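These are the residues of each chain, in order.
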Amino acid sequence: AVLNDGLRSQVSAALKEGQITPTELCQRCLALIKSTKFLNAYITVAEESALKQAEESEERYRRGQPLGILDGVPIAVKDNFNTAGIETTCASNMLKGYISPYNATVVQKLLDQGAVLLGKTNLDEFAMGSGSTDGVFGPVRNPWSYSKQYKEKSVPKSHSEDEESNWVITGGSSGGSAAAVSSFTCFAALGSDTGGSTRNPAAHCGVVGLKPTYGLISRHGLIPLVNSMDVPGILTRCVDDAAILLGSLAGHDPKDSTTVQDDFKPFELPNLTDVSKLSIGIPKEYNAPGLSSEIVALWLKAADLFKNAGAKVVEVSLPHTRYSIVCYHVLCTAEVASNMARFDGLEYGHRSDKKDSTESMYAATRREGFNDVVRGRILSGNYFLLKQNYEKYFVKAQKVRRLIANDFVEVFRSGVDILLTPTTLSDAAPYTEFIQEDNRTRSAQDDVLTQAANMAGLPAISVPTALSEKGLPVGLQFIGRSFQEKQLLTVAKWFEKQVQFPMIQLEEVKRHDSGVFQHQKSASFS
Amino acid sequence: QKVSVEVLDHLERLALVDFRDSEGVERLQKAIQFADQLHEVNTDGVEPMDSVLEDRCLYLREDDVTEGNCTKDLLENAREKVEEYFVAPPGNIPLPNLEE
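The rules behind each value
- Think of each chain on its own: its residues are numbered from 1, step by step along the sequence as written.
- As they are written, the chains are lettered A onward and the ligands numbered 1 onward, keeping that order.
- Only residues with pLDDT of 70 or above have their local features reported here, since the model is predicted, and side-chain atom pairs are shown and tallied only from 80 upward, although totals for entire chains, interfaces and linings are computed over all residues.
- Hydrogens and water are ignored here; the side-chain numbers use all heavy atoms of the structure.
- Helix and strand assignments come from DSSP, with helices taken as H or I runs of at least 4 residues and strands as E runs of at least 2, each series counted from the N terminus.
- Atoms counted for the radius of gyration: C-alpha only. Globule rule: 2.2 Å times residue count to the power 0.38.
- When accessible area is computed with a 1.4 Å probe and restricted to protein chains, residues below 20% of their type maximum are described as buried, those above 50% as exposed, and intermediate ones as partly exposed.
- By the convention used here, residues are in contact when the closest approach between their heavy atoms is within 4.5 Å.
- Exposure was quantified through the Shrake-Rupley algorithm and a 1.4 Å probe, taking into account, for residues, occlusion by the shown protein chains and nothing else.
- Neither His nor the chain termini are counted; the positive set is Lys and Arg, and the negative set is Asp and Glu.
- Every charge is mapped to an atom, namely NZ of Lys, CZ of Arg, CG of Asp or CD of Glu.
- Two strands are counted as paired when DSSP detects at least two bridges linking them.
- UniProt positions are given in the numbering used here, feature names are shortened, and annotations may be inferred rather than shown by experiment.
- Aromatic pairs are defined between Phe, Tyr and Trp rings, using the six-membered ring for Trp, whenever the two ring centres lie within 6.5 Å; interplanar angles under 30 degrees are classed as stacked, those over 60 as edge-to-face, and all others as tilted.
- Only when the NZ atom of a Lys or the CZ atom of an Arg is both within 6 Å of the ring centre and within 35 degrees of the ring normal do we say a charge sits over the ring.
- Here a helix's expected span is defined as the number of its residues, less one, multiplied by 1.5 Å.
- Salt bridge, as applied in this entry: a Lys or Arg side-chain nitrogen positioned within 4 Å of an Asp or Glu carboxyl oxygen.

An unreviewed UniProt entry annotates chain B as GATC amidotransferase originating from Rhipidura dahli.

Named according to an unreviewed UniProt entry, chain A is GATA amidotransferase originating from Rhipidura dahli.

(A) Spotlight on the overall build of chain A. A count of helical and extended segments in chain A gives 19 helices and 11 strands. For chain A, the C-alpha radius of gyration of 22 Å lies close to 24 Å, the compact-globule estimate for 526 residues. Expressed along its principal axes, the backbone C-alpha trace of chain A runs to roughly 65 × 60 × 55 Å. When burial is assessed residue by residue, chain A has 66% of its 526 residues classed as buried. Considering only intrachain contacts with a sequence separation of at least 6, the fraction spanning at least 24 residues in chain A is 78%. Surface exposure of chain A reaches about 18000 Å², of which carbon and sulfur atoms provide 49%. The average position of the 55 basic charges and that of the 59 acidic charges among the side chains of chain A differ by 3 Å.

(B) Just the overall build of chain B, in detail. Within chain B one finds three helices and two strands. Of the regular secondary structure in chain B, the N- to C-terminal order runs α-α-α-β-β. Relative to the compact-globule value of 13 Å for 100 residues, chain B shows a C-alpha radius of gyration of 22 Å, a clear excess of over 25%. Based on the C-alpha atoms only, the size of chain B along its principal axes is roughly 50 × 50 × 20 Å. The buried share among the 100 residues of chain B stands at 31%. The long-range share in chain B, meaning contacts at least 24 apart out of those at least 6 apart in sequence, stands at 46%. Here chain B displays about 7400 Å² of accessible surface, and carbon together with sulfur accounts for 48% of that area. Of the side chains in chain B, 10 bear a positive and 25 a negative charge, and the two mean positions are spaced by 7 Å.

(C) Broad picture of the pairing of strand β4 (residues 188-193) of chain A. All names here are of chain A. Of all six residues making up β4, six are buried, and the element is well covered by its neighbours. Burial along β4 is two-sided: A188, L190 and S192 and A189, G191 and D193, pointing in opposite directions, are all buried. For β4 and strand β6 (residues 231-236), the ladder comprises six bridges, and the chain directions are antiparallel. Following the sheet pairing, A189 is matched in β6 by L235.

(D) Region of the structure containing the UniProt feature "domain: Amidase" (unreviewed entry) in chain A. Residue and element names in this part refer to chain A. Here the UniProt feature "domain: Amidase" (unreviewed entry) sits at residues 28-147 and 169-489. Taken end to end, residues 28-147 comprises 27% helix and 12% strand; its first and last C-alpha atoms sit 20 Å apart. Across residues 169-489, helical content stands at 42% and strand content at 14%; the span's end C-alpha atoms are separated by 27 Å.

(E) Layout of the packing of aromatic side chains. All names here are of chain A. Summed over the entire model, instances satisfying the criterion amount to 17 aromatic pairs over all chains. With centroids separated by 5.1 Å and ring planes inclined at 55°, the aromatic side chains of F126 and F343 adopt a geometry described as tilted. In this pair, F126 is assigned in the loop between β3 (116-121) and α5 (148-153) and F343 in the loop between α11 (324-339) and α12 (358-369), connecting sequence segments 217 residues apart. For the residue pair F126 and F343, the accessibility class agrees, reading buried in each case. In textbook terms, an aromatic cluster arises when at least three aromatic residues are bridged by ring pairs, as seen for Y98, F126, F343, Y348 and F370. A cation over a ring is seen here: R237 above F187, with NZ or CZ 5.1 Å from the ring centre.

(F) Fine view of helix α2 (residues 22-35) of chain A. Spanning 14 residues, α2 of chain A covers 20 Å between terminal C-alpha atoms, matching the ideal 20 Å at 1.5 Å per step. Residues P22, T23, L25, C26, C29, L30, L32 and I33 of chain A constitute the buried set of α2 of chain A.

(G) Region of interest: the pairing of strand β10 (residues 460-467) of chain A. Residue and element names in this part refer to chain A. Counted residue by residue, β10 has seven buried out of eight residues, so it is predominantly covered. Pairing geometry for strand β5 (residues 208-211) and β10, over three bridges, is antiparallel. Opposite K211, over in β10, you have A460 as the bridge partner. Pairing between β10 and strand β11 (residues 473-479): seven bridges, direction antiparallel. If you follow L467 over to β11, its bridge partner there is P473. Between β10 and β11, which pair antiparallel one after the other, the connecting turn spans five residues, and G471 there sits at a positive phi close to 85°.

(H) Fine view of the pattern of salt bridges. All names here are of chain A. Scanning the model with the defined rule gives 28 salt bridges over all chains in all. Here R60 ties to D71 by a salt bridge, and the two come within 2.8 Å at their closest N and O atoms. In this pair, R60 sits in helix α3 (residues 47-62) while D71 sits in the loop between α3 and β2 (74-78), placing the two residues 11 residues apart along the sequence. One exposure class covers both R60 and D71, and it is buried. When the shortest N-O distance is used, the salt bridge between E368 and R367 registers 3.7 Å. Here the residues in one salt-bridge network are E58, E59, R62 and R63, joined through shared partners.

In structure tokens, the structure reads:
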């Protein structure tokens, strides 16, 4: 049962004791990636370099000198992080074939600790979307679509119509990373989070999704969407693993001047037994329109869990919550308009054959390279930044941003330690249903519960909580104070232990990896 | 309030995404309509927020050269180049207006 192990408790120990070698582990993961290809979670599988890294790791273990707990551990990285020598596409025609000359800081940090980079995962084009359905390499399929739990609950209309049309989305935009972790092809994956892009797919795929405080983890090498909100995200199968990844990634980076200079000390999560000193806030505005009654029930049940364990649970108010999506819409498109300006075909990426003039070449390159979602946001962003609109839209949105951030400051000042909210409005939708609305509508709907944390720069984590009536994962979100990840993760770990979220029963995986799964066990660790 | 053709042409010159067709215009109109909801919020006396880290001093490093000499790597990804130059088509030629 190696592939479904947690890092700290099992895999690292297994590697150290020689129960499994890094190359064996790497090969198993690569084989699993092949057999789960239909999920479309990976854009690029770096087989050769991964095996080489695994061999080097093995050599270190042989000498008794592993670099640390991540040495030899297979990981995946969202395809909007630069990786030297490996194609980085952002799921866009604009960067198809682009081989970066450098590693993003977070990638470099993982490699420096001996992690094995299996490949780059699929996403919505340039991380714009909430379904991982709008990239040029096609949509990502949620592994739970193929789970026993989902299949048992779904009623196929006809024999031929079952799996092919019933599959559900992963959520987005880090859907590939979430699917990769969820289907056991890697132990952890990097995502990015600007409006919820790590937490949303984490909730839909039944994995842990951590959005760190803005400024804690370097964005150097993460192809930017919204510079003032983007953060690298961490996806793992349990909260302890997220803490390990955080420990290896956080800290000031001279190459990213928006990282804080405070000393960061990696931490181990205590096993919290007494929650009586904790104050949990339940923001009433997060009972948003469209929130499924199923999720409301789970949310209330979770609140009761804390209450019954002795914690103080209070209703709080974040009055400007409902404006966060509109505010995001303006700020995001404005920053996108600026960030996407670098893609002109001259220095890298796609270049159109049009030669009449620089500007017509730029325009054709960008029309050919970007999908409609990206182009639409660039155009809108430029509109909001026009001199006649600047005060009315951009500055106005910046003011609303302060109001949203202040809402959180007030609540935390009143004594609340952690906020408990749903992560998504419902469980994952079937793909055929999801694509009936356009990207902007979907994003506006789906980001409602996650976006405000990005506005305020706060750390937030989605923890798999329970299965829906359809047999699909539902996650709940905890939002903490700035730079208080230790407290946030400690509470999340306690919650994870209480809910005992079931492990996915993937028949394809079982078939391929027979003998490795000796028994089914819950995904939580004690 | 519809976006005028002048504004659209101006926007295209700024954005360079060739999105002045009916679909592009419709998207833009919808985006503006959506953004107009912002005006419901009272922001009197509120300062705009550039960054959540506004209370901190931005890190400035020493003005020393620490890396570079990677011309070859940087040129690797360009499609059209001559020696150490990126080659662009002729500039200063304005884009045609929508009506043209």
